[in-house]
Amino acid sequence: MDSILVRGGGPLNGDIEIAGAKNACLTLMPATLLSEEPLTLTNAPRLSDIKTMTALLTSLGAEVSSLQEGKVQAMSSHGDISPLADYEIVRKMRASNLVLGPLLARLGHAVVSLPGGCAIGARPMDLHTTALEALGAEIELKDGYLHAKVKGGRLKGAVHKMRFPSVGATENFLMAASLAKGTSVLENAAREPEIIDLADCLRAMGAQIEGDGTSRIEIQGVDRLHGATHPVVTDRIELGTFMLAPAICGGEVTCLGGKLRLVESFVEKLNLAGIDVQENARGLTVKRTGDRVKAVDVVTEPFPGFPTDLQAQMMALLCTAEGTSELEETIFENRFMHAPELIRMGANIEVHGGKAIVRGVDKLKGAQVMATDLRASVSMILAGLAAEGETVVSRIYHLDRGYEFVERKLSGIGAHIERIQG
Ligand SMILES: CC(=O)N[C@H]1[C@@H](OP(=O)(O)OP(=O)(O)OC[C@H]2O[C@@H](n3ccc(=O)[nH]c3=O)[C@H](O)[C@@H]2O)O[C@H](CO)[C@@H](O)[C@@H]1O
Ligand SMILES: C=C(OP(=O)(O)O)C(=O)O
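Cut-off values and rules
- Residues numbered from 1 in each chain as written.
- Chains lettered and ligands numbered in written order.
- Predicted model: local features only at pLDDT ≥ 70, side-chain atom pairs only at ≥ 80, totals over all residues.
- Heavy atoms only, no water.
- UniProt positions renumbered as here; feature names shortened; annotations may be inferred.
- Near = heavy atom within 4 Å.
- Polar contact = N/O pair within 3.5 Å; in protein donor to acceptor, adjacent residues only side chain to side chain.
- Areas by Shrake-Rupley, 256 points an atom, 1.4 Å probe, with all protein chains shown as cover.
- Helix = DSSP H or I, 4+ residues; strand = E, 2+ residues; numbered from the N terminus.
- Nonpolar A, V, L, I, M, F, W, Y, C, P; charged D, E, K, R; others polar.
- Domains from an automatic or database assignment.
- 1 Å grid on protein atoms, 1.4 Å probe; cavity = no way out; pocket = protein on both sides within 12 Å on 5 of 7 lines; lining within 4 Å.
- Points joined across faces, edges and corners; volume = space filled by probe spheres on them.
- Buried < 20%, exposed > 50% of the residue type's maximum accessible area, 1.4 Å probe, protein only.
- Pairing = 2+ DSSP bridges.
- Axes fitted to C-alpha atoms, helices over the stretch in contact; angles between N-to-C directions.
- Parallel < 35°, antiparallel > 145°, perpendicular 65-115°, else oblique.
- Contact = heavy atoms within 4.5 Å.
- Left-handed = near helix turned anticlockwise from the far one by under 90°.

- As recorded in an unreviewed UniProt entry, the protein goes by the name UDP-N-acetylglucosamine 1-carboxyvinyltransferase, listed as coming from Celeribacter marinus.
- In its Pathway (unreviewed entry) section, UniProt records this for the protein: "Cell wall biogenesis; peptidoglycan biosynthesis."
- According to the UniProt record, the Function (unreviewed entry) comment for the protein reads "Cell wall formation. Adds enolpyruvyl to UDP-N-acetylglucosamine."

So, in structure tokens, the structure goes:
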């Protein structure tokens, strides 16, 4: 298995290109099942998760081709579509559950394997199933699969309020309701930029959606959707991750294509830590103002709050801050798996349930560490960039799910990082 070797060193300077969002692309791709006409996504990220979604859609009967070295995903679901999303593919990636809504809308029935738990928490499917049941689906769990069917074959518009603004359940509801009969309203909907991106794409396909980006989304169902070409929104998590590189190591880096509106609550915390962020025509330019960052407290929340997907990377920054920081994780019940690995590197962290106390140390030291999930793995790379000596991060297949060419991108701003084939 490959690993990543990082040599800690001086400041980082230059430009780094930010890719299209994994989490947007993973919901935009299943939207192809809603139409018989082609859907083309530009600015797609080159990631293993996109290959997994390609395999899943292909297994369902869609045609998917990657053009321009994977930056464009061209898809067509004009032929027969199968209702069965098999365990062997679905188990690899939580986001596979995003075919459930489109399959129900297209075929009136679907059999989708439960994605299963993963390192960061249990991640049940109840918010997805109750949202789709509100639209008239009947769903039962048999042999590890969700068996869903729609009485009469077509979903019916309904008003539904979620007990929590789940990103995935909002996306499944949006896609399903776009082809339902009548008007649907989703209350307490998720407000993430990836939801707006999905709504933009569905509108380009002919859907009638209003209110995306707020907690009340209204969808007027249409009889059919047509083809479209849609650019995938910038990846705010990759953006935030690379903004932390000069914050941790010093220097000045411009994250090309970065937009403040995607990372406002994160930037608020960076500013408090002593990091300067300026928006300009090329993107976001990030610079550390002092020798050492200052401690800050962080609580993860649904958008527009501080994103859980940047918590591990923020922890890496705070390990060498002046003072004590408290990080509270409210979205996932088990998302501090990076803490013991950062402790191997000399960090002073105590975890008490959903809270982590980070007492800043002067320096981290390179060590052998293991990636436990996607954002944990990149947090160790960031920590390694600032540490004395060498850090080797193993189990990096997690990293390849969410970061394209990470070694190439970080080397481009002066980092000493290489992949060791293993
Ligand atoms: C592909 C994708 O877009 N992934 C993102 C998406 O995941 P995902 O869509 O899976 O995250 P959700 O917003 O659904 O999950 C948030 C919380 O709700 C709980 N929950 C969720 C669904 C459900 O049916 N029942 C339930 O209890 C989860 O266990 C979790 O505690 O949003 C998360 C929260 O911002 C991000 O960390 C993920 O990177
Ligand atoms: C948790 C993440 O992704 P997923 O929902 O695909 O597991 C993530 O991107 O950090």
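Next comes the rest of the description.
1. A closer look at the site of ligand 1
Okay, step 1: Near ligand 1 you find 19 residues, and of these Asp-126, Leu-127, Ser-166, Asp-309 and Ile-331 are the closest.
Okay, step 2: At a separation of 2.7 Å, a nitrogen atom of ligand 1 approaches a polar side-chain atom of Asp-126.
Okay, step 3: Within the backbone of Ile-331, a nitrogen or oxygen atom sits 2.5 Å from an oxygen atom of ligand 1.
Okay, step 4: Considered on its own, ligand 1 offers 740 Å² of accessible surface; in the complex 88% of this is hidden by protein.
Okay, step 5: Among the secondary structure elements, those contributing two or more residues to the shell around ligand 1 are helix H5 (126–134) and helix H6 (167–178).
Okay, step 6: Per element, the largest residue contribution to the shell around ligand 1 is three residues, and it comes from H5.
Okay, step 7: Split into classes, the residues belonging to the shell around ligand 1 amount to eight nonpolar, five polar and six charged.
Okay, step 8: Two domains each provide a minimum of three residues to the shell around ligand 1, namely domain 1 (3–18 + 234–420) and domain 2 (22–231).

2. Observations concerning the layout of surface pockets
A water-sized probe rolled over the atoms picks out the places where empty space is left.
Okay, step 1: Roughly 290 Å³ of volume is contained in the second largest pocket.
Okay, step 2: Considering the residues around the second largest pocket, the lining is formed by 17 residues, among which Arg-46, Leu-47, Ser-48, Lys-51 and Asp-400 are closest to the centre.
Okay, step 3: Sort the elements by how many residues they give to the lining of the second largest pocket and helix H2 (residues 48–59) lands first, with four residues.
Okay, step 4: In terms of residue class, the lining of the second largest pocket is built from five nonpolar, five polar and seven charged.
Okay, step 5: Looking at which domains feed residues into the lining of the second largest pocket, each of domain 1 (3–18 + 234–420) and domain 2 (22–231) gives three or more.

3. Some thoughts on the pairing of strand E13 (residues 216–220)
Okay, step 1: Across the two faces of E13 the burial differs, with Ile-217 and Ile-219 buried and Arg-216, Glu-218 and Gln-220 not buried at all.
Okay, step 2: The pairing of strand E11 (residues 183–187) with E13 spans five bridges and is antiparallel. Within the sheet, the bridge partner assigned to Leu-186 lies in E13 and is Ile-217.
Okay, step 3: Pairing of strand E12 (residues 208–210) with E13, which is carried by three bridges, proceeds in the antiparallel orientation. Paired with Ile-209 across the bridge in E13 is Ile-219.
Okay, step 4: Connecting E12 to the next strand, E13, in antiparallel fashion are five residues, including Gly-211 with a positive phi near 95 degrees.

4. A short note on the packing of helix H8 (residues 236–249) against helix H10 (residues 311–318)
Okay, step 1: Following both chains from N to C, one finds H8 and H10 inclined at 5 degrees, their axes separated by 10 Å at the closest point. One finds that H8 runs roughly parallel with respect to H10. Of the residues in H10, those in contact with Ile-237, Thr-241, Leu-244, Ala-247 and Ile-248 of H8 are Gln-313, Met-314, Ala-316 and Leu-317.

5. A few points about the packing of helix H4 (residues 100–107) against H6
Okay, step 1: Running from N to C, H4 and H6 point in directions that differ by 15 degrees, and their axes come no closer than 7 Å. Relative to H6, H4 is oriented roughly parallel. The two elements H4 and H6 cross, and the hand of that crossing is right-handed. Contacts from Leu-100, Gly-101, Pro-102 and Ala-105 of H4 reach H6 at Asn-172, Met-175 and Ala-176.

6. Looking at the sheet that holds strand E7 (residues 109–113)
Okay, step 1: Pairing in this open sheet of four strands is mixed, and the strands run E6-E7-E9-E8 from one edge to the other. Of all strands in the sheet, those with a lone pairing partner are strand E6 (84–85) and strand E8 (137–142), marking the two edges.
Okay, step 2: On the sheet, H5 packs against E8 and strand E9 (145–150) and is oriented at approximately 145 degrees with respect to E8.

7. A word on the site of ligand 2
Okay, step 1: Around ligand 2 lies a shell formed by Lys-22, Asn-23, Ile-120, Arg-123, Asp-309, Arg-335, Leu-374, Arg-375 and Arg-401.
Okay, step 2: In the model, an oxygen atom of ligand 2 is placed 2.8 Å from a nitrogen or oxygen of the Lys-22 side chain.
Okay, step 3: Contacts to ligand 2 include Asp-309, whose side-chain N or O atom sits 3.2 Å from an oxygen atom.
Okay, step 4: Protein contacts shield 89% of the accessible area of ligand 2, which totals 290 Å² for the unbound molecule.
Okay, step 5: Elements represented by at least two residues in the shell around ligand 2 include exactly helix H1 (22–28) and helix H12 (374–386).

8. Some details on unusual backbone geometry
Okay, step 1: Cis peptide bonds are those with omega within 30 degrees of zero, and the linkage from Phe-303 to Pro-304 qualifies with 10 degrees.
Okay, step 2: Relative to the helices and strands, Pro-304 is located in the loop between strand E18 (298–299) and H10.
Okay, step 3: Residue Asn-188 is not a glycine yet carries a positive backbone phi of 60 degrees.
Okay, step 4: Judged by its relative accessible area of 25%, Asn-188 is partly exposed.
Okay, step 5: Residue Phe-405 is not a glycine yet carries a positive backbone phi of 45 degrees.
Okay, step 6: Within the secondary structure, Phe-405 is located in the loop between helix H13 (397–402) and helix H14 (406–411).
Okay, step 7: Exposure remark for Phe-405: the relative accessible area of 32% places this residue in the partly exposed category.

9. Notes on empty space enclosed by the protein
Okay, step 1: The tally for this structure, following the rule as stated, stands at one cavity of 30 Å³ or more.
Okay, step 2: Here the largest cavity is characterised by a volume of approximately 40 Å³.
Okay, step 3: What lines the largest cavity is Ala-21, Lys-22, Asn-23, Glu-194, Asp-235, Arg-236, Ile-237 and Arg-375.
Okay, step 4: Those elements giving two or more residues to the lining of the largest cavity turn out to be H1 and H8.
Okay, step 5: Across the lining of the largest cavity, the residue classes break down as two nonpolar, one polar and five charged.
Okay, step 6: In terms of domain composition, the lining of the largest cavity takes at least three residues from each of domain 1 (3–18 + 234–420) and domain 2 (22–231).

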